[in-house]
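Listed below are the residues making up each chain.
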Amino acid sequence: MIVLSAKDIKKEYGADTILEGITFGINERDRVGIVGANGAGKTTLLNIISGEESATSGDVYVSKDTKIGYLRQRDEFISDRTVLEEMEDLFKDLSDMEEEMLRVSHLASELSGEDQKEALERYEELMHEFEMRGGYRYKSDIKGILSGMAFGEEYYDKKISMLSGGERTRLALCALLLQKPNILLLDEPTNHLDIGTLKWLEQYLSSYKGTIVIVSHDRYFLNETVTRIFDVTRGRLDIYEGNYDFYAQRKREIREEEMRAYQKQQKEIKRQEELIRRYKGRGTEKLAKRAASREKRLEHMNRLERPEAEIGKVKIHFKEKFKSGTDVLFGKNISKSFGYGSKKRELFSGVGFDIKRGEKICIVGANGIGKTTLIRMIKGELEPDEGTIKYGHNVEIAYYDQGQRLLNEQNTVFDEMKDDYRLYTDTQMRSLLGRFLFRGDDVFLPISALSGGEKARLSLLKLMLSGANLLLLDEPTNHLDIDSKEVFEDALMDFPGTAIIISHDRYLLSKVPTRILELEKDGLTEYLGKYDYYIDKKEEIKSGSSYLDEMGRAASSAAGSEAGKEAPAPKLSAAEERRLKKEAEAKARREKRELEELENKIEELELRIHEIEEEMCTEEVLSDYLRLDALGKELEDNKEQLSKYYQKWLQ
């Protein structure tokens, strides 16, 4: 069943045509990903679908009784509320109904006869509607969604004005998921999410009963969540039935087919033109007629346009002016905290690392754990509370700041580059800017007027020209479109120097790193591989199946932190190995027993909830408002407890 469709959508801003001839149909429970370069019109298309903008021409159809929920890139929260108040306000109609039920319940206790009967009937109607609309579970739903999006109880009383930009984005996503619309429109939902939260969101969306339309540059996320791709390119829409990897492969194949056809035709055109030239050169009437005939056929040929898929890509090549020594960076027992006294907050401690020339190190970890702080300490902007950071021979650092705070907002694009790189002529600088898609009058735009993606491209150009041999990159792919991300990743892999990258981009993590370092409160944990290896090892550690291996690695890591480099794990005695093996087996048995007990509790609670719901529908209870009220409260408590058990069971 089609729930959303569009026919011949066209959108113009002045003389510029953003979208043209956009036609599609989306079925119930479809998972659609919208991709395209920055500025292609993806957000404009979402705005038209949601009704926030009108198309210049064409029509959008939404099926009857369909509710659309839209996650924008900027939230619209009232900042003087707390996190919990903002979420509970979404269910104000249910809380009002709850108060009305309480009022009717008290009224019934003071009445008798027909009046009491009418009050009880009204109470029954309210209770039925309250239950049907999720009144007995909305509070546990709020806590479950907040927990999944990394808002623990410590956030409940926190003012929204005190939240970071990333936290506000996550809260906006919570608000949308709680409303459970029939169609979810999500514009870059993965910005500011750490890996754990991303995985939770993917699992949630995979079980979502409605239709989902996602604008995203996160290729891994698209692979996990969508089954159709809408590609918006040069104002047109092409549809691919599959996930992102299928789309990328098929688009590449189509372009290759088109390029072969174009080149074949061009070869034939040149052959015909050469024959025409020869025929005319002979000067005979017969050959002149042949030449005219061939010219006429060439004129009527349906000439293919050169495929443009590769046009408009950023061209990035990182080079180093000179090599560093083999030892690039060394850290030992580094710790950092902020605040004083009772408000002091320790970010991390015991951090140690030893980084060699040519390595590509990716740092991951939960939001707020201190990854950017660690990078800034390596750069020399911040001092560690304890520990030391040492640089190797000939190390020159360049830094990419995810907030683009290193750009001068008052400068034009051209002036920003000329201020730092005066040896380039104006012509050379404009040529370099053109490689990063700043063409024509774009180079005279003020930086304050640039989009996030344009600022990211400008920062990468400055990084490319720096000639540094150690790149410190803080979420470098956040604002890049997919084509730019892929070019950037290839350039990073070809870079002969060293790179330390903070990233939650799992596609990048699957492609670039030689090592992944996970930052936690008590130090760095090393994973000698890419993203899949990192995830597999974390699962093994979590399940306890690699308990002995991890004990050896922990000992090695601790020794490495002390010595500034990884040391071999000490060999355990046979008795020690037997003891550790028994501990691991005991731990596995204990976890299995706890899981079985949890499942039994869930089964008991589900049975009790069913019994209460049946009892509340009996005539005897419906006429006893006190009993009805008590059962309602017990039902709500049980459902809230069941939700907690479910969360624990999932963990």
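Note that the structure is predicted; figures quoted are calculated from it, not measured.

Asks: Tell me what's going on with the sheet that holds strand β4 (residues 57-62), and back it up with residues and numbers.
Replies: As summarised here, the arrangement of the three strands in space is β2-β1-β4, forming an open sheet in which the pairing is antiparallel. In this open sheet, the two edge strands, each paired with only one partner strand, are β2 (16-27) and β4. Going across the sheet, the axis of each strand differs from the next one's by a mean of 15 degrees, ignoring polarity. Sheet topology note: the strand β1 (residues 2-13)/β4 ladder contains five bridges and is antiparallel. Each bridged residue has a counterpart across the sheet, and for Leu 4 the counterpart in β4 is Val 62. Sheet strands in contact with helix α1 (residues 42-50) are β1, β2 and β4, and its direction is about 55 degrees off that of β2.

Asks: Outline the packing of helix α3 (residues 92-110) against helix α4 (residues 113-132), listing residues and values.
Replies: Axis separation between α3 and α4 bottoms out at 9 Å; the angle between their running directions is 160 degrees. If you check the angle between α3 and α4, you find them roughly antiparallel. Crossing angle aside, the handedness with which α3 passes α4 is left-handed. Where α3 approaches α4, its residues Leu 94, Met 97, Glu 98, Glu 100, Met 101, Val 104, Ser 105 and Ala 108 are matched on the opposing element by Gln 116, Ala 119, Leu 120, Arg 122, Tyr 123, Leu 126, Met 127, Glu 129 and Phe 130.

Asks: Summarise the packing of helix α5 (residues 138-148) against helix α6 (residues 165-179); cite the residues concerned and give the values.
Replies: As a packed pair, α5 and α6 sit with axes 10 Å apart at the nearest point and diverge in direction by 140 degrees. Taken as axis vectors, α5 and α6 run oblique relative to one another. Crossing hand, α5 versus α6: right-handed. Across the interface between the two elements, Asp 141, Ile 142, Ile 145 and Leu 146 of α5 pack against Leu 171, Cys 174, Leu 177 and Leu 178 of α6. Within the contact of α5 with α6, the residues separate by chemical class into seven nonpolar, no polar and one charged.

Asks: Can you lay out the packing of aromatic side chains for me, pointing to particular residues and giving the numbers?
Replies: The tally for this structure, following the rule as stated, stands at 16 aromatic pairs. Between Phe 151 and Tyr 155, the ring centres sit 5.1 Å apart and the planes meet at 90 degrees, which makes this aromatic pair edge-to-face. Residue class for Tyr 155 comes out buried when judged on its relative accessible area of 14%. Both rings, one in Tyr 204 and one in Tyr 208, keep their centres 6.1 Å apart while their planes meet at 40 degrees; by these two values the pair is tilted. Neither residue differs from the other here; Tyr 204 and Tyr 208 are each classed as buried. The rings of Tyr 220, Tyr 527, Tyr 531 and Tyr 534 are connected pair by pair, giving a single aromatic cluster. Residue placement shows Arg 170 over the ring face of Phe 151; its charged tip is 4.7 Å from the ring centre. Directly above the ring of Phe 438 sits Arg 457, whose terminal nitrogen or CZ lies 5.0 Å from the centroid.

Asks: Describe the environment of Thr 197, with residues and values.
Replies: As for its placement among the helices and strands, Thr 197 is situated in helix α7 (residues 195-206). Taking C-alpha positions, Thr 197 is 5.7 Å from Met 149, a pair spaced 48 residues apart along the chain. Sequence-distant contacts of Thr 197, that is, excluding residues within four places in its chain, are made with Gly 148, Met 149, Ala 150 and Arg 170. A distance of 2.8 Å separates polar atoms of two side chains, one belonging to Thr 197 and the other to Asp 194.

Asks: Explain the sheet that holds strand β18 (residues 523-527) residue by residue, including any values.
Replies: Within the open sheet, the six strands sit side by side as β14-β15-β16-β12-β17-β18. Their pairing is mixed. The open sheet has two edge strands with one neighbour each: β14 (397-400) and β18. When strand polarity is set aside, the average angle formed by the axes of neighbouring strands in this sheet is 20 degrees. Pairing of β14 with strand β15 (residues 470-474), which is carried by four bridges, proceeds in the parallel orientation. Bridging across to β15, Tyr 399 finds its partner in Leu 472. Of the strands in this sheet, β14 and β15 touch helix α14 (residues 452-466), which is tilted by about 175 degrees from β14. Packing against the sheet, helix α17 (residues 531-543) makes contact with β12 (360-364), β17 (515-520) and β18, and its axis sits at approximately 115 degrees to β18.

Asks: I'd like to hear about the pattern of salt bridges, residue by residue, with values.
Replies: All told, the structure shown has 45 salt bridges when counted by the stated rule. Salt-bridge contacts for Glu 100 lead to Arg 103; the nearest nitrogen and oxygen are separated by 2.9 Å. Here Glu 100 and its partner Arg 103 are both found in helix α3, three residues apart, which amounts to about one turn of the helix. Assessed through its relative accessible area of 47%, Arg 103 is described here as partly exposed. Between Arg 376 and Glu 381 there is a salt bridge, with its nearest N and O atoms 2.8 Å apart. Residue class for Arg 376 comes out partly exposed when judged on its relative accessible area of 30%. Linked by salt bridges that have partners in common, Arg 219, Lys 485, Glu 489, Asp 490, Asp 505 and Lys 511 make up one network.

Asks: Explain unusual backbone geometry to me, using residue names and the numbers behind them.
Replies: Not every positive phi belongs to a glycine, and Glu 188 is a case in point at roughly 50 degrees. Relative to the helices and strands, Glu 188 is located in the loop between β6 (183-187) and α7. For Glu 188, a relative accessible area of 10% puts it in the buried group. Even without a glycine there, the phi angle at Leu 437 is positive, about 70 degrees. As for its placement among the helices and strands, Leu 437 is situated in the loop between α13 (426-435) and α14. The class of Leu 437 is buried, set by a relative accessible area of 17%.

So, how was this worked out
Residues numbered from 1 in each chain as written. Predicted model: local features only at pLDDT ≥ 70, side-chain atom pairs only at ≥ 80, totals over all residues. Heavy atoms only, no water. Pairing = 2+ DSSP bridges. Helix = DSSP H or I, 4+ residues; strand = E, 2+ residues; numbered from the N terminus. Axes fitted to C-alpha atoms, helices over the stretch in contact; angles between N-to-C directions. Contact = heavy atoms within 4.5 Å. Parallel < 35°, antiparallel > 145°, perpendicular 65-115°, else oblique. Left-handed = near helix turned anticlockwise from the far one by under 90°. Nonpolar A, V, L, I, M, F, W, Y, C, P; charged D, E, K, R; others polar. Phe/Tyr/Trp six-rings, centres within 6.5 Å; stacked < 30°, edge-to-face > 60°. Buried < 20%, exposed > 50% of the residue type's maximum accessible area, 1.4 Å probe, protein only. Lys NZ or Arg CZ within 6 Å of the ring centre and 35° of its normal. Polar contact = N/O pair within 3.5 Å; in protein donor to acceptor, adjacent residues only side chain to side chain. Salt bridge = Lys/Arg side-chain N within 4 Å of Asp/Glu carboxyl O.

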